[in-house]
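Chains, contacts and geometry: an overview
So you can see what is in the structure, the chains are spelled out below.
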Amino acid sequence: MSEAVALIVLAASLVAAIARPRWAPDWAVAAGGVILLLATGILSLHGARSAVSDLGPTVGFLAALLVLADGCRRAGMFEALGGAMALGSRGRPARLLAMVFLVAALTTAVLSLDATVVLLTPIVFVTAARLRANPRPHVYACSHLANSASLLLPMSNLTNLLAFQASGLSFTRFGGLMALPWLVALAVEWVVLRRSFAGELRGGAPRSARPTDRPEVPWFALAVVALALIGFGLSSLIGVAPAWIAAGAAVVLALRERAPVSEMARAAQPTFLVFVLALGIIVHAASQHGLSSAVASLMPHGTTLPVLLAVAGISAVLANLLNNLPATLIILPVAASSGAGQVLAMLVGVNIGPNLTYVGSLATLLWRRIAHAHDHETDLGEFTRLGLRTVPLGLAASTAALWLALQVL
Amino acid sequence: MRAVVWISEGTWQACVDEAAAFLPKDADVTLLHVAPSDVEEFAARGPGRLLGRHPPPPPPADPPLRAVAEEEAQALLADAQTRLARPAHTVSRRGRVEREVVAACASADLLVLARDGEARLGPKSLGKHTRFALDHVPCQVLLVWPEAPPGIETIPPPPRDHH
C-alpha cells in the first residue's frame, strides 16, 4: 500500500513536469506529494530530514551554477563564443561544425547542459544563419553535445551532481575517470554528424564573419570561470566543497555585472530547485518502500565490462522512458552500493541515452504527439534517426572507455 | 513564361547565373527562398525540453530567432536579385522546405534549382529536399550543378552481371 502511494505521488510529479499544466505546476505537485507522504506517515520526518541533508548541497551547487551561467550571459560570453565560432569557421560549414563541437563541448562541461541548451543553442542558430550556412547540422550538434558532452565533470549535468555526491569521488578523480569516455563520446558524435550531414557541410559558405560579428571578449567572466575551475580541482585538497567555490564565482560575477538580486534569484530558478528537492525526497520514500529492491533485482553486480555495459544500457532505457533526472534518482542508490564504477556507467547511460529523442524521453515525446499533433517542432524524424545512429554506438564506446579508465587509473 | 528560381544558402549563385543565361528575356522571374521553420523552433524552444526547468525569458534586447532568419532571407534574396541584374519578384516562405518549394511552383512553368549533394555523378548528388522537389514539382525543371559539372569518370561502376 505504502509503495503504491509513493509510486503514484512519483508518477503524478513526473506527469506534471512533462505535461506542464498551467493549473498544476510540477514543483507544487511534487512539494504537495512530499507533504502527503509525510502526513500519511509513509515518509518519516527523520527520513525526510536525511534526504534533505543528502540533496541540499547538490541543490545549492545547482543554484550556484545556474546563477554563474546567467552571469556569463550578462557579461556577453555567449555572443563572444558566437563571434569566435564565426571567425574560426573561416566561411566553411565543416569548420563551423568543428567550432560548434569545441564550444558546445566546453560550455557543457564547464557551465552544464542547461547553459548549452538554453543559452548557447540560439547563438549557434544565429551564427550559422548570419554566415549563410544551413543551421540544421550545427543546431543538432549543439543539442546532441548538451547531453553527450556532459560526461566530463560533476557540474556538467544535474545527473552528475547527484551522482558526484553519492559516489564519494573527488572532483579530479571524477574528471580523470570520465575524460576518456567524454572524448570517445565526442568522437562518435563527430563521425556520425559529419557523415549524416555530408551534403550540408560540403564546400564553403559564401560569407565569412563581418566586423560586427566580433563582440568584445568578456575577460573578467572568463577569468572567474577559469579560477572557479582551478578551485574545483583543488577543492578536495583545500577542504572546501565545490558548491561554495561555484557560489563564490557566481556572486563575484553577479556583482561585477551589477545584476539585481531579484534577477539573480530568478536565474537560480527557485521552482526548479524545489522540484529537484521534492522529487529526490519522493524517490527516497519510494526506494524505502520496495522501489530500491525492485531496481536491485534488475541490476547486475561487479565492474566487469559486460556489467558496466548492462548498467549503462538499463540506465539509458530508464532515462528514455521517464527522463534522466528521475532515472538517476531511482538507479543511483543501487548503483552506489556497487561502487563508483557502476555510478559512472549509470551516468554514461542517463547522459548519452536522452539523445535518442529530441525531447529527452519517450514519455515527453508521446505527450507532445498527443497535445501538439500539428506542431512543426514535432516534425523531427531526422533528429530521431540521428539519435539512432549515435546513441547505441556512443553508449557502447564510452562505457568501454570508462572500463579502460577504471583499469588504468 | 513564369519561372521560379530556388535560392538556397549554399548554391544560389549557380542558380542565378544559369537562370540569367537560359531564361528568355520576357520571362516572369520569381526568386524563392524557404526557411526551415523546424530548426529555428527547435533552437528557440530548448528550455521546454528540459524536465522541470523554467528559466527566465530572454531579455527584450535579444531578437527572436525568427526575426534573424527572416532578415537573413531578405538579405540573401536582395543579393540574388542584384546578381540576376533584371527585374524579378522575391518570395520568402517558411515551413517544410520541400513542400513549400512544390507549393510555390503551383502555377509556374519552370523551376530552376541546384544539386546540393556530392560533387560526382549519381543519385547522391541530390539532397533529400532537392530530390523531393525534383520528383514532385508540377512543371519543367532546370537542374544546375553548383560548380563545374563533374567528369564522366565519376559515374558509378555498372552493377556486376549475375549469370
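In this report, we go over the structure that sits alongside the text. Note that the structure is a prediction, hence the values are computed from the model and not measured.

This part is about the overall build of chain A. From N to C terminus, chain A includes 18 helices and 0 strands. The dimensions of chain A, computed from C-alpha atoms along their principal axes, are 65 × 50 × 45 Å. Out of the 409 residues in chain A, the part that is buried amounts to 56%. Contacts in chain A between residues at least 24 apart in sequence constitute 81% of all its contacts with a sequence separation of at least 6.

It is worth spelling out the overall build of chain B at this point. Tallying secondary structure elements over chain B gives 5 helices and 5 strands in all. Along its sequence from the N terminus, chain B presents helices and strands in the succession β-α-β-α-α-β-α-β-α-β. Counting the 163 residues in chain B, one finds 39% classified as buried. Intrachain contacts of chain B at a sequence separation of at least 6 include 76% that bridge at least 24 residues.

A word on the interface of chain A and chain B. Facing the 36 residues of chain A at the interface are 32 residues of chain B. Contributing elements (two or more residues each) for the side of chain A that touches chain B: helix 6 (113-130), helix 7 (135-148), helix 12 (261-267) and helix 13 (270-298) of chain A. A total of 9 residues in the side of chain A that touches chain B trace back to one element, the largest contributor, which is helix 6 of chain A. In terms of residue class, the side of chain A that touches chain B is built from 19 nonpolar, 9 polar and 8 charged.

Glancing now at the sheet that holds strand 1 (residues 2-6) of chain B. All names here are of chain B. A sheet is described by the order of its strands in space; here 5 strands give the open sequence 3-2-1-4-5, paired in parallel fashion. Across the chains shown, the open sheet's two edge strands, defined by having one partner strand only, are strand 3 (89-95) and strand 5 (140-144). For this sheet the average axis-to-axis angle between neighbouring strands, irrespective of direction, equals 25 degrees. Relative to strand 2 (residues 28-36), strand 1 is paired through 5 bridges, and the arrangement is parallel. Note on strand 2: the bridge partner recorded for Ala 3 is Val 29. Along the sheet, helix 1 (residues 12-22) makes contact with strand 1, strand 2, strand 4 (110-114) and strand 5, crossing strand 4 at roughly 140 degrees. Packed on one face of the sheet, helix 4 (residues 97-104) meets strand 1, strand 2 and strand 3 and runs near 160 degrees to strand 2.

To continue, consider the packing of helix 7 of chain A against helix 2 (residues 37-44) of chain B. Helix packing geometry: the angle between the two helix axes and the distance between the axes. Running from N to C, helix 7 of chain A and helix 2 of chain B point in directions that differ by 25 degrees, and their axes come no closer than 10 Å. The angle between the axes of helix 7 of chain A and helix 2 of chain B places the two elements in the roughly parallel class. For helix 7 of chain A against helix 2 of chain B, the interelement crossing comes out left-handed. Residue-level contacts link A:Pro135, A:Arg136 and A:Val139 of helix 7 of chain A to B:Val39, B:Phe42 and B:Ala43 of helix 2 of chain B. Tallied by class, residues from the contact of helix 7 of chain A with helix 2 of chain B come to 5 nonpolar, no polar and 1 charged.

Residue and element names in this part refer to chain A. Taking 1.5 Å of rise per residue, 15 residues should cover 21 Å, and helix 11 (residues 242-256) covers 21 Å from first to last C-alpha, within 8% of that figure. All buried positions along helix 11 are accounted for by Pro 242, Ala 243, Ile 245, Ala 246, Ala 249, Ala 250, Leu 253 and Ala 254. Buried residues in helix 11, looked at end-on, bunch into an arc of 165 degrees, giving them a common side. Of the surrounding secondary structure, the elements contacted by the buried residues of helix 11 are helix 3 (45-74), helix 9 (171-196), helix 10 (219-238) and helix 12. Downstream of helix 11 by one or two residues, Arg 258 has phi in the positive range, about 55 degrees.

Right, let's get into the pairing of strand 1 of chain B. Counting buried positions over the 5 residues of strand 1 of chain B gives 4, a clear majority of the element. As for the winding sense of the linkage, the β-α-β connection from strand 1 of chain B through helix 1 of chain B to strand 2 of chain B is right-handed.

On to unusual backbone geometry. Residues and elements named next belong to chain A. Of note in this structure, Arg 132 is not a glycine but carries a positive phi near 60 degrees. Checked against the element boundaries, Arg 132 lands in the loop between helix 6 and helix 7. What makes Arg 132 buried here is the crowd of 21 C-beta atoms within 10 Å. Although it is not a glycine, Asn 323 adopts a positive phi angle of roughly 110 degrees. Secondary-structure assignment places Asn 323 in the loop between helix 14 (305-322) and helix 15 (324-337).

Conventions and cut-offs
Residues numbered from 1 in each chain as written. Chains lettered and ligands numbered in written order. Predicted model: local features only at pLDDT ≥ 70, side-chain atom pairs only at ≥ 80, totals over all residues. Helix = DSSP H or I, 4+ residues; strand = E, 2+ residues; numbered from the N terminus. Buried ≥ 20, exposed ≤ 12 C-beta atoms within 10 Å, placed from the backbone. Contact = placed C-beta atoms within 7 Å. Nonpolar A, V, L, I, M, F, W, Y, C, P; charged D, E, K, R; others polar. Pairing = 2+ DSSP bridges. Axes fitted to C-alpha atoms, helices over the stretch in contact; angles between N-to-C directions. Parallel < 35°, antiparallel > 145°, perpendicular 65-115°, else oblique. Left-handed = near helix turned anticlockwise from the far one by under 90°. Expected span 1.5 Å × (residues − 1). Arc of directions from axis to C-beta. Right-handed = clockwise from strand over helix to strand, strands pointing away.

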